[in-house]
Amino acid sequence: MIALIWAEDQNGLIGKQGQLPWHLPADMHRFKTLTTGHHVVMGRKTFMGFKRPLPHRTNWVLSQQSDLALPAGVQQLTDLAALKDLAAKNPDELIFVIGGAVVFQAVLPIADYLYRTRINARFDGDTWMPAIDYSQWQLVTKQVGTVDDKNRYPYEFDDFRRR
Ligand SMILES: NC(=O)c1ccc[n+]([C@@H]2O[C@H](COP(=O)([O-])OP(=O)(O)OC[C@H]3O[C@@H](n4cnc5c(N)ncnc54)[C@H](OP(=O)(O)O)[C@@H]3O)[C@@H](O)[C@H]2O)c1
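Residues numbered from 1 in each chain as written. Predicted model: local features only at pLDDT ≥ 70, side-chain atom pairs only at ≥ 80, totals over all residues. Heavy atoms only, no water.

## Some points on the UniProt feature "domain: DHFR" (unreviewed entry) in the chain
And then number 1: The positions UniProt marks with the feature "domain: DHFR" (unreviewed entry) are residues 1-162.
And then number 2: With 22% helix and 32% strand, residues 1-162 has its two end C-alpha atoms placed 11 Å apart. (UniProt positions renumbered as here; feature names shortened; annotations may be inferred. Helix = DSSP H or I, 4+ residues; strand = E, 2+ residues; numbered from the N terminus.)

Shown next, in the form of structure tokens:
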């Protein structure tokens, strides 16, 4: 099973100059809680933003480059078929696809679950979530986040499964 997990602002913005446009520790916490112990799959550009593998997760980087140098512990998937193989070989696993936009666009048609953080504010940036037809998705849980000194924007966590 494949899940997409991401955070977007009210315009669907997800990235700025290779990084997240905001600082929202509650979202980082949710991301860590959900993905720890699982396979995480990311685009080469998103991985370049991290620079090192995410700890306590099996890290996979999607890239078509044949001479891509990756640090120890990070494995490459060269195309969508390789991701489908990974999912087929791990039928009891939830594989988290963690971005960015190009990867979300490619994987959306074969995703089973969506874990969306919606930040109800507007930021500047350069990368947006591809359009999603939510009529194909059933909202399973919705949790409104707590605004405090460290999490200064209203936000909510919405989990969907494919209808
Ligand atoms: N808000 C969020 O939740 C969130 C999550 C993740 C990322 N982001 C942000 O998104 C931005 C990066 O996104 P992006 O769209 O520019 O790049 P990206 O999706 O991270 O990476 C794109 C690269 O991934 C590889 N790739 C993508 N699809 C592939 C496929 N089907 N087969 C093989 N390789 C494939 C290609 O690498 P090669 O060119 O090497 O072939 C492609 O150039 C950053 O700003 C990041 O911070 C935000």
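## A few points about the site of the ligand
And then number 1: What surrounds the ligand is a group of 26 residues, the closest being Ala 7, Arg 44, Thr 46, Ser 63 and Gln 65.
And then number 2: In this structure, an oxygen atom belonging to the ligand sits 2.8 Å away from a side-chain N or O atom of Gln 65.
And then number 3: Protein burial of the ligand: of its 930 Å² of free accessible surface, 85% is covered by the chains. (Near = heavy atom within 4 Å. Polar contact = N/O pair within 3.5 Å; in protein donor to acceptor, adjacent residues only side chain to side chain. Areas by Shrake-Rupley, 256 points an atom, 1.4 Å probe, with all protein chains shown as cover.)

## Some points on helix 1 (residues 25-35)
And then number 1: Residues Ala 26, Asp 27, Arg 30, Phe 31 and Thr 35 constitute the buried set of helix 1. Along helix 1, the residues classed as buried sweep out an arc of 150° about the axis, all on the same side. Along helix 1, the residues that are exposed and aim more than 90 degrees away from the buried face are His 29, Lys 32 and Thr 33.
And then number 2: Those residues of helix 1 that are buried lie in contact with strand 1 (2-8), strand 3 (39-43), strand 6 (95-97), strand 7 (113-119) and strand 10 (155-162).
And then number 3: Two residues or fewer after helix 1 comes Gly 37, characterised by a positive phi angle close to 90°. (Buried < 20%, exposed > 50% of the residue type's maximum accessible area, 1.4 Å probe, protein only. Arc of directions from axis to C-beta. Contact = heavy atoms within 4.5 Å.)

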